[in-house]
Amino acid sequence: MSFFSNFSSDHCPGTISGNPLNGLCEKVCIQAEKIFDAGIIQTRLENYAVTLIDPPDASTYPLTFVSARSVGTATVSNVTVDRQSDGCNARVQATVTVPMEIVYVDSAGRDGRATGDIVLTEDVIMYVPPASVMPFSVTAVASCVSPEGTFNAETGAFSLSACVTCILKVSMQVELLVPSYGYCAIPPAQEYSHEVCTGFFELPLYPQGKACSRK
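Description of the structure in this document. All values derive from a computational prediction rather than experimental measurement.

### Re the pattern of salt bridges
Here's step 1: The final tally for this structure, using the stated rule, is four salt bridges.
Here's step 2: Between Glu46 and Arg44 there is a salt bridge, with its nearest N and O atoms 2.5 Å apart.
Here's step 3: For Arg110, the salt bridge is made with Asp106, and the minimal N-O distance between the two is 3.1 Å.

If you want it as structure tokens, here you go:
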């Protein structure tokens, strides 16, 4: 079992029943990432050229595009923050690099994979906390999928049509004081077992139901 597998305890996470103050025993200082602001950006790219980071040496050209999707973690660079006159919002400009994995088939019919980057230039309005000793950071979570693409033999790049979802966040590592019910009770994990005879052993010894009459 686990937290969410038929295990009920006052010291496990889950739905609160009754008075939420019951069981509170201390104030705890935890280190966490506080999100001051976040926004989602969705973009459709057409004929976006992705240069391969690791060109396939063993593949026979030309290459035929199969699919592409994002892998790994997006990185943020070239961040510029321009605070607005209202003192709360700021113009945030940043470059978001999304690593991609491209699946293709070469002219010999062999499957292959290559990597490249999709680079986004974002320019948005976000809340940025006032100046403090602890610095804030601008990070991104991105997901991208490309169902269509072609290979350009002259440039050695793939031209993709892609759908990109990017979430920009303004965050800071902080120490928060939160109410606590104490330490979690960790139940034993239930091991997975694949019983090949399940279903077969549950069959009745003889057919059940009304027998068919012969004519």
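### Considering the nonpolar core
Most often, soluble globular proteins have nonpolar side chains that are buried together.
Here's step 1: If you look at the biggest cluster of nonpolar residues, it comprises 32 residues, and the most contacted ones within it are Val96, Val98, Ile102, Ile118, Leu120 and Phe158.
Here's step 2: When residues of this core are traced back to their parent elements, those giving at least two are β1 (26-51), β2 (63-70), β4 (89-106), β5 (111-127), β6 (137-152) and β7 (157-180).

### Considerations on a nonpolar patch on the surface
Here's step 1: On the surface, a nonpolar cluster with roughly 250 Å² of combined accessible area is contributed by Ile40, Val141 and Ile167.
Here's step 2: Relative to the helices and strands, Ile167 resides in strand β7.

### Digging into the environment of Ser159
Here's step 1: Position of Ser159 among the secondary structure elements: in strand β7.
Here's step 2: Spatially, the C-alpha atoms of Ser159 and Val50 are 6.3 Å apart, while their sequence positions differ by 109 residues.
Here's step 3: Discounting residues that sit within four places of it in the chain, Ser159 has contacts with Asn47, Tyr48, Ala49, Glu148, Gly149 and Thr150.

### Some points on the packing of aromatic side chains
Here's step 1: All chains considered together, the criterion is met by five aromatic pairs.
Here's step 2: Linked through ring pairs, Tyr61, Phe65, Tyr104, Phe151 and Phe158 together constitute an aromatic cluster.

### Remarks on the pairing of β5
Here's step 1: Where β4 meets β5, 17 bridges bridge the pair, whose relative direction is antiparallel. Looking across to β5, one finds that Val105 is bridged to Asp111.
Here's step 2: Counting the residues in the hairpin turn of β4 and β5 gives four residues, including Gly109, whose phi is positive at 85°.

### Structural notes on the environment of Pro187
Here's step 1: On the secondary structure map, Pro187 appears in the segment after β7.
Here's step 2: By relative accessible area, Pro187 is classed as buried at 10%.
Here's step 3: Note: C-alpha distance between Pro187 and Phe3 (184 residues apart in sequence) is 6.9 Å.

### Observations concerning unusual backbone geometry
Here's step 1: The omega torsion of the bond from Tyr61 to Pro62 falls at 5°, within 30 degrees of zero and hence cis.
Here's step 2: Structurally, Pro62 is set in the loop between β1 and β2.
Here's step 3: The backbone of Asn47 sits at a positive phi, close to 55°, despite the residue not being glycine.
Here's step 4: Structurally, the position occupied by Asn47 is in strand β1.

### With respect to the environment of Glu175
Here's step 1: Residue position: Glu175 is located in strand β7.
Here's step 2: Residues Glu175 and Lys34, spaced 141 residues apart in sequence, show a C-alpha to C-alpha distance of 9.0 Å.
Here's step 3: When sequence neighbours within four positions are dropped, the list of residues in contact with Glu175 reads Cys29, Ile30 and Gln31.
Here's step 4: A distance of 3.3 Å separates the side chain of Glu175 from the side chain of Gln31, its partner in a polar contact.

Reading the values: the criteria
- Residues numbered from 1 in each chain as written.
- Predicted model: local features only at pLDDT ≥ 70, side-chain atom pairs only at ≥ 80, totals over all residues.
- Heavy atoms only, no water.
- Salt bridge = Lys/Arg side-chain N within 4 Å of Asp/Glu carboxyl O.
- Core = buried A, V, L, I, M, F, W, Y, C linked by side-chain atoms within 4.5 Å.
- Buried < 20%, exposed > 50% of the residue type's maximum accessible area, 1.4 Å probe, protein only.
- Helix = DSSP H or I, 4+ residues; strand = E, 2+ residues; numbered from the N terminus.
- Patch = residues over 30% accessible without salt bridge, like charges linked within 9 Å, V, L, I, M, F, W, Y side chains within 5 Å.
- Areas by Shrake-Rupley, 256 points an atom, 1.4 Å probe, with all protein chains shown as cover.
- Contact = heavy atoms within 4.5 Å.
- Phe/Tyr/Trp six-rings, centres within 6.5 Å; stacked < 30°, edge-to-face > 60°.
- Pairing = 2+ DSSP bridges.
- Polar contact = N/O pair within 3.5 Å; in protein donor to acceptor, adjacent residues only side chain to side chain.

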